[in-house]
Amino acid sequence: MISFIQIILVLIHIESGGNDFAVGDDGAAYGCLQMHADYVHDAAEYVGADWKHTDAFDRQTSIDIFLAYMSRYCTEERLGRPISMQDIVRIHNGGPNGWKKESTEKYYELFLSTLNQIQEHEASRYRESTN
């Protein structure tokens, strides 16, 4: 199992290649995690923050928004079972019910592939540094 922060870092890699000022989805998605305005609003409403869509351009705020969104929608109580990495990734991609949408399955496959590539790269760097 990987940590929550590792999940976030892989998502940042997929969504923006690490670009905090990325704009995608025809201008609708902002920041390193490519958040839509509704995503930001839902998270802000849940935690009582005054986040605006443009706050997603700040990496730390983007991560705070992500954590608030997951705290709202990716819970054991809501899903009726313990949450998984797959739930987190698919809710990020597909909204509150993304964990059960067929349309988010390919995104999760992309996540796993990207995670594997990153882990292989890190293992290779480790091997090189110990030789």
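Going by the structure above, here's the rest.
Cut-offs and rules
Residues numbered from 1 in each chain as written. Predicted model: local features only at pLDDT ≥ 70, side-chain atom pairs only at ≥ 80, totals over all residues. Heavy atoms only, no water. Helix = DSSP H or I, 4+ residues; strand = E, 2+ residues; numbered from the N terminus. Buried < 20%, exposed > 50% of the residue type's maximum accessible area, 1.4 Å probe, protein only. Axes fitted to C-alpha atoms, helices over the stretch in contact; angles between N-to-C directions. Parallel < 35°, antiparallel > 145°, perpendicular 65-115°, else oblique. Contact = heavy atoms within 4.5 Å. Nonpolar A, V, L, I, M, F, W, Y, C, P; charged D, E, K, R; others polar. Expected span 1.5 Å × (residues − 1). 1 Å grid on protein atoms, 1.4 Å probe; cavity = no way out; pocket = protein on both sides within 12 Å on 5 of 7 lines; lining within 4 Å. Points joined across faces, edges and corners; volume = space filled by probe spheres on them.

### Re unusual backbone geometry
Within the chain, aspartate 25 stands out as a residue other than glycine whose phi angle is a positive 50 degrees. The topology assignment puts aspartate 25 in the loop between β1 (23-24) and β2 (29-30). For aspartate 25, a relative accessible area of 52% corresponds to the exposed category.

### Observations regarding the environment of glutamate 105
Looking at the element boundaries, glutamate 105 is found in helix α6 (residues 105-130). Residues glutamate 105 and glycine 94, 11 residues apart in the sequence, show an inter-C-alpha distance of 9.7 Å.

### Regarding the packing of helix α2 (residues 37-47) against helix α3 (residues 59-73)
Packed helix pairs are characterised by how far apart their axes lie and by the angle those axes make with each other. One way to put it is that α2 packs onto α3 with a least axis distance of 8 Å and a crossing angle of 75 degrees. Relative to α3, the element α2 lies roughly perpendicular. On α3, the residues touching Tyr39, Val40, Asp42, Ala43, Glu45, Tyr46 and Val47 of α2 are Ile65, Phe66, Ala68, Tyr69, Met70, Ser71, Arg72 and Tyr73. Considering only residue class, the contact of α2 with α3 consists of 11 nonpolar, 1 polar and 3 charged.

### Describing helix α1 (residues 4-16)
Taking 1.5 Å of rise per residue, the 13 residues of α1 would be expected to cover 18 Å, and the 18 Å separating its terminal C-alpha atoms lies within 8% of that figure. Among all positions of α1, only Ile7, Ile8, Val10, Leu11, Ile12 and Ser16 are buried. Phi for glycine 17, located one or two positions after α1, is positive at around 65 degrees.

### Quick look at the layout of surface pockets
To locate leftover empty space, one rolls a probe as large as a water molecule over the atoms. Size it by volume and the largest pocket reaches roughly 200 Å³. Around the largest pocket, the lining is made up of 14 residues, and of these Asp25, Gln34, His36, His92 and Asn93 lie nearest the centre. Looking at the lining of the largest pocket, the elements with two or more residues in it are α2 and α5 (85-94). No other element matches the 3 residues that α5 contributes to the lining of the largest pocket. When the residues that make up the lining of the largest pocket are grouped by side-chain class, the tally is 5 nonpolar, 6 polar and 3 charged. Of the volumes computed, that of the second largest pocket is approximately 150 Å³.

Spatial relationships are all this shows, so hold off on functional conclusions.
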